[in-house]
Amino acid sequence: MRFISVIAIKEIRTYFASPMAYVVSAAFLAITGFFFVASVSDAFAEASIRGYLAGAIFFMIFMSPALTMRLLAEEQKLGTLELLLTSPLREFEIVFGKFIAAFAMTLIMIILSLYFVLVLFVYGDPDIGPLLSGLLGLSMYACATLAVGLFASSLSSNQIVGLVVGSGILTALTIIDFVSARLSGIASEVLNAFQLGASFSVFDLDSFGVAEGGHFADFARGIISVTDIAYYISITAVFLLLTVLVLEARRWR
Amino acid sequence: MIKIEHMSKSYGPYPAVIDVSFEVLKGEIVGFLGPNGAGKTTTMRVVTGFTPPTEGEVTVGGYDVVSHSLEVRRHIGYLPETVPLYLDMTVNDYLTYMGEIRGMNASWVQERLPKVIDMVKLGEYRNTLVGRLSKGYRQRTGIAQAILHEPDVLVMDEPTIGIDPIQVVETRELISNLGEEHTMLLSSHILPEVSAICKRVLVINDGRIVADDKPDDLSEKLQHAERIEISVRGAEAPEFINSMREISSVIDARSDLRASVVQRSEREDFSPFIVDAKPNVQASEQIAKSIIENGWGLTNLTPLPMTLEEIFLELTTEENLDE
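Quick look at the pairing of strand 9 (residues 200-205) of chain B
Residues and elements named next belong to chain B. Of the pairings in the sheet, the one linking strand 3 (residues 29-33) to strand 9 comprises 4 bridges and is parallel in character. The partner of Phe32 across the bridge, within strand 9, is Leu202. Here 5 bridges tie strand 9 to strand 10 (residues 208-213), and the two strands are oriented antiparallel to one another. The residue of strand 10 that forms the bridge with Asn205 is Arg208.

Quick look at the confidence of the model for chain A
Put simply, chain A has an average pLDDT of 90, and 98% of its residues get 70 or more. Confidence scores differ between elements of chain A, with helix 9 (residues 176-181) of chain A showing the lowest mean pLDDT of 84 and helix 5 (residues 91-112) of chain A the highest of 96.

Here's the deal with the domain arrangement of chain B
Parsing chain B into structural domains produces domain 1 (2-221) and domain 2 (224-305). Distance from the C-alpha centre of domain 1 of chain B to the C-alpha centre of domain 2 of chain B: 40 Å.

Here we look at helix 2 (residues 19-40) of chain A
Residue and element names in this part refer to chain A. For helix 2, with 22 residues, the first-to-last C-alpha span of 32 Å sits near the 32 Å given by 1.5 Å per residue. Residues of helix 2 that are buried include every one of Val24, Phe28, Thr32, Phe35, Phe36, Ser39 and Val40, and no others. Looking down the long axis of helix 2, one finds its buried residues gathered within 120° of arc, a one-sided arrangement. The outward face of helix 2, more than 90 degrees from its buried face, is lined by the exposed residues Pro19, Tyr22, Val23 and Ala30.

Section: the sheet that holds strand 2 (residues 14-24) of chain B
Residues and elements named next belong to chain B. Strands sit in the order 2-1-4-5 across an open sheet of 4 strands; the sheet is antiparallel. Of all the strands in the sheet, the pair left with one neighbour each is strand 2 and strand 5 (63-64). Here strand 4 (residues 55-60) runs beside strand 5; their pairing, made up of 2 bridges, is antiparallel. Bridged to Val60 within strand 5 is Tyr63.

So, unusual backbone geometry
Residue and element names in this part refer to chain B. Positive phi, close to 45°, is recorded for Asp19, a residue that is not glycine. By the secondary structure assignment, Asp19 is in strand 2. Asp19 sits in the partly exposed class, given 14 other C-beta atoms within 10 Å. The backbone of Glu158 shows a phi angle near 50°, a positive value even though the residue is not glycine. Its place among the elements puts Glu158 in the loop between strand 7 (153-157) and helix 6 (165-178).

A look at the interface of chain A and chain B
At the junction of the two partners, chain A supplies 20 residues and chain B supplies 22 residues. For the side of chain A that touches chain B, the secondary-structure elements that each account for two or more residues are helix 1 (2-17), helix 4 (80-85) and helix 12 (226-252) of chain A. Looking at the side of chain A that touches chain B residue by residue, the class counts come to 10 nonpolar, 6 polar and 4 charged.

Thresholds, definitions, all that
Residues numbered from 1 in each chain as written. Chains lettered and ligands numbered in written order. Predicted model: local features only at pLDDT ≥ 70, side-chain atom pairs only at ≥ 80, totals over all residues. Pairing = 2+ DSSP bridges. Helix = DSSP H or I, 4+ residues; strand = E, 2+ residues; numbered from the N terminus. pLDDT = per-residue confidence, 0-100. Domains from an automatic or database assignment. Expected span 1.5 Å × (residues − 1). Buried ≥ 20, exposed ≤ 12 C-beta atoms within 10 Å, placed from the backbone. Arc of directions from axis to C-beta. Contact = placed C-beta atoms within 7 Å. Nonpolar A, V, L, I, M, F, W, Y, C, P; charged D, E, K, R; others polar.

Below you can see the structure in the form of structure tokens.
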């Protein structure tokens, strides 16, 4: 446990020492703000964070891999991975420490964006249920996307490769409903079960980029379902495990 | 302290180290000598637990590097060939972090850090970003991280590569001093460096250990010829070479092609030569006498140590003769 926190604290400090944290936060606030405004500026708009959530999960497809791309690629480039792997650390402690750092950064951004909620309470009367379930869903969605990004970062010493592979996997999981819609029967259902949650129809004012059949739709509506939670936890666990395996495999090469 | 028995390591189908066995006793400083690609780094990576051996058994302080990897790593300080540094951290932060990763608690780090910084003379740079340090100071930071957690065994891969000559001397001194308290395995491809620091040398070539000896004995055994660098004033090259060849103890003489163009053009009257002579027959004396008799000015006469490449040439040709 101590090693995990040592690594997490170091990575969080590195985030703030580089422009990365500030640039990504600014972009996150700008984009989610845009969607939030678009969703509540209607004359008969409902007082909800649906627009904000949609913007956030859409942007995280690119933001999460951008936050994690440095974490393991740079260790390999600088050769410091050799130091980590010859220190009395286990691979999962390295991976978990870095994951926690990236998640902490995302949480900070989410907390910064909570002034949208304040705005809702000042000018309207929002439903607290969907608000809380939406934020819970957003945190779990963030975990899953960060785990995918971290895995992509472990693959090579090139950060850009990490970004492209990470966003690629997340995009594939996002547009999977385009494919499943054109299939029928079990194949369609199985594929649809992997729908990550966002949709590329972000400018559609009805859906606002939350995929109807995806795992985020219920969270946005105020429903917390075990299937959705299990899905995000599984994606997170599987990709963190894969990351650990990639690091372990590095020893055997 | 380090015990390697019949260790082999292959990367896929390519063998990097083949059936290597040796032991480093407690308090011993062993130099690991070999050309690039000989298997030095691979052997060190196995010893430090970075990569497991394909075959054979390796133990450090009695712990197996595969089954008790964490124990091994706790007892080792390692300086890899490319000094692994986080360029955006200060020296102090970097070393603190490395200490914590090695399992030191905060009070131990606080007590130990100033001592280590003094030892490697990084005092004035403790709050400088590592990325702003010169190569030599980065090397010191690397050494500091290796000794910070007071490891029993120090493994250093090419600790003086790529730093300027003055810093090389200082780094060597630092390493020699460290050798008084640690068991040390140090790799290099420069023989004089190893002779200066180590009491025992292992020569590795093509993944196999080809010699295991004291450094003096090693060069003596291999030195069939004594090589002398000579500069004379007022001598024409052919004339000088002929006069050298007349001396009975001289095997061959030639112009020194290593001398730089600048040196030649700036000081035309000095011609550098290389003379190979039979060992142990006081050839230098006879050469000096001959130069003076010819009325030339002797400005330099230096016996040259053999370079590792030459030792290798010797080792491999001898092996071929045996076959």
